[in-house]
Amino acid sequence: SGGLLTDLNGRTTVSGLFAVGECAGSGVHGANRLASNSLLEGLVFADRIGWVLSSGLPSRRDPVAPRGLGGLVDGAHRVGIQDAMTAGAGVLRTAESLASVDRFLDQSSRGSSGVPGTGAWETTNIAAVARVIAEVAAVRCETRGSHWREDFPDRNDDRWRVRIVARQTDGELTIKERVLA
């Protein structure tokens, strides 16, 4: 849904990470849910990314050990997280349903020490993305595009003509608003 901000060459704010298509928020086609999903835009931005990459890849760095308290979420929680997201952060949302998702995510990840493997890694990633979606959806108290809040059914340009930017670093989620030009 156009969530990764990009420049006109498909670069995101993460060094070496490019985005094109539906996940990219280039702004070329506005800010609707299919903001970057046109065939023309996909072709143009893929070509631009190709040109950037042909001039040399970013330098490689050694992995950095995580600083935060982390842990793998047990793979057994995957279906529960998916069900909680469908029920509380799906198409129709309210402050109450989003808070319910937050509580479930807290419970499912508390003290979790999943056994390293595909199931735990995937579930940990699903839980991280679910947390961002639920918390950002709770911040935006209006209905806009594919974000529908039953407790705030109207669009509110006076307050919410902003892009909400979430960044997760070492397990800490920060949410900021960026005013649209």
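For the structure itself, look to the data block above.
Now for a quick tour of the structure.

Rules behind the numbers
- Residues numbered from 1 in each chain as written.
- Predicted model: local features only at pLDDT ≥ 70, side-chain atom pairs only at ≥ 80, totals over all residues.
- Heavy atoms only, no water.
- Helix = DSSP H or I, 4+ residues; strand = E, 2+ residues; numbered from the N terminus.
- Areas by Shrake-Rupley, 256 points an atom, 1.4 Å probe, with all protein chains shown as cover.
- Core = buried A, V, L, I, M, F, W, Y, C linked by side-chain atoms within 4.5 Å.
- Buried < 20%, exposed > 50% of the residue type's maximum accessible area, 1.4 Å probe, protein only.
- Contact = heavy atoms within 4.5 Å.
- Phe/Tyr/Trp six-rings, centres within 6.5 Å; stacked < 30°, edge-to-face > 60°.
- Lys NZ or Arg CZ within 6 Å of the ring centre and 35° of its normal.
- Polar contact = N/O pair within 3.5 Å; in protein donor to acceptor, adjacent residues only side chain to side chain.
- Pairing = 2+ DSSP bridges.

### A word on the overall build of the chain
Part 1 of the reasoning: Along the backbone of the chain there are 5 helices and 6 strands.
Part 2 of the reasoning: In the chain, the order of α-helices and β-strands from amino to carboxyl end is β-β-α-α-β-α-α-β-α-β-β.
Part 3 of the reasoning: In the structure as shown, the chain presents an accessible area of about 11800 Å², 56% of it carried by carbon and sulfur atoms.

### Comments concerning the nonpolar core
Part 1 of the reasoning: One finds Val-73, Ile-81, Met-85, Ala-89, Leu-98, Val-101, Leu-105, Ala-127, Ala-130, Ala-134 and Ala-137 forming the largest nonpolar core, which totals 11 residues.
Part 2 of the reasoning: Elements with a contribution of two residues or more to this core: α2 (78–89), α3 (95–109) and α4 (118–139).
Part 3 of the reasoning: Among the elements that line this core, the one with the most residues is α4, at 4 residues.
Part 4 of the reasoning: When sequence neighbours within four positions are dropped, the list of residues in contact with Leu-98 reads Gly-88, Ala-89, Arg-93, Ala-134, Ala-137, Ala-138 and Arg-149.

### Observations regarding the environment of Gly-3
Part 1 of the reasoning: Within the secondary structure, Gly-3 sits in the segment before β1 (4–5).
Part 2 of the reasoning: Given the relative accessible area of 58%, Gly-3 is considered exposed.
Part 3 of the reasoning: Residues Gly-3 and Arg-163, spaced 160 residues apart in sequence, show a C-alpha to C-alpha distance of 9.5 Å.

### Brief notes about the packing of aromatic side chains
Between two aromatic rings, the relevant description is the distance of the centres plus the angle of the planes.
Part 1 of the reasoning: The tally for this structure, following the rule as stated, stands at 0 aromatic pairs.
Part 2 of the reasoning: Looking at Arg-48, its charged tip hangs above the ring of Phe-45, at a distance of 5.6 Å from the centre.
Part 3 of the reasoning: Between the NZ or CZ atom of Arg-159 and the centre of the ring of Trp-160, over which it lies, the distance is 3.9 Å.

### A word on the side chain of Ser-108
Part 1 of the reasoning: Structurally, Ser-108 is set in helix α3.
Part 2 of the reasoning: In terms of polar contacts, Ser-108 uses its side chain to reach the backbone carbonyl oxygen of Leu-105, at 3.3 Å.
Part 3 of the reasoning: Setting aside anything within four residues of it in sequence, one finds Ser-108 in contact with Val-73, His-77 and Ile-81.

### Examining the pairing of strand β5 (residues 162–169)
Part 1 of the reasoning: Relative to strand β6 (residues 172–179), β5 runs antiparallel, the two sharing 8 bridges. Bridge pairing links Thr-169 to Glu-172 in β6.
Part 2 of the reasoning: In this antiparallel pair of consecutive strands, β5 and β6, the connection spans 2 residues, and Asp-170 shows a positive phi of 50°.

### Considerations on the environment of Arg-140
Part 1 of the reasoning: Looking at where Arg-140 falls in the secondary structure, it is placed in the loop between α4 and β4 (148–149).
Part 2 of the reasoning: C-alpha of Arg-140 to C-alpha of Glu-177: the two residues are 37 residues apart in sequence and 9.9 Å apart in space.
Part 3 of the reasoning: When residues no more than four places from it in sequence are discounted, the contact partners of Arg-140 are His-147, Arg-149, Trp-160, Val-162, Arg-163 and Ile-164.
Part 4 of the reasoning: Among the polar contacts made by the side chain of Arg-140, one reaches the side chain of Glu-142 at a distance of 2.7 Å.

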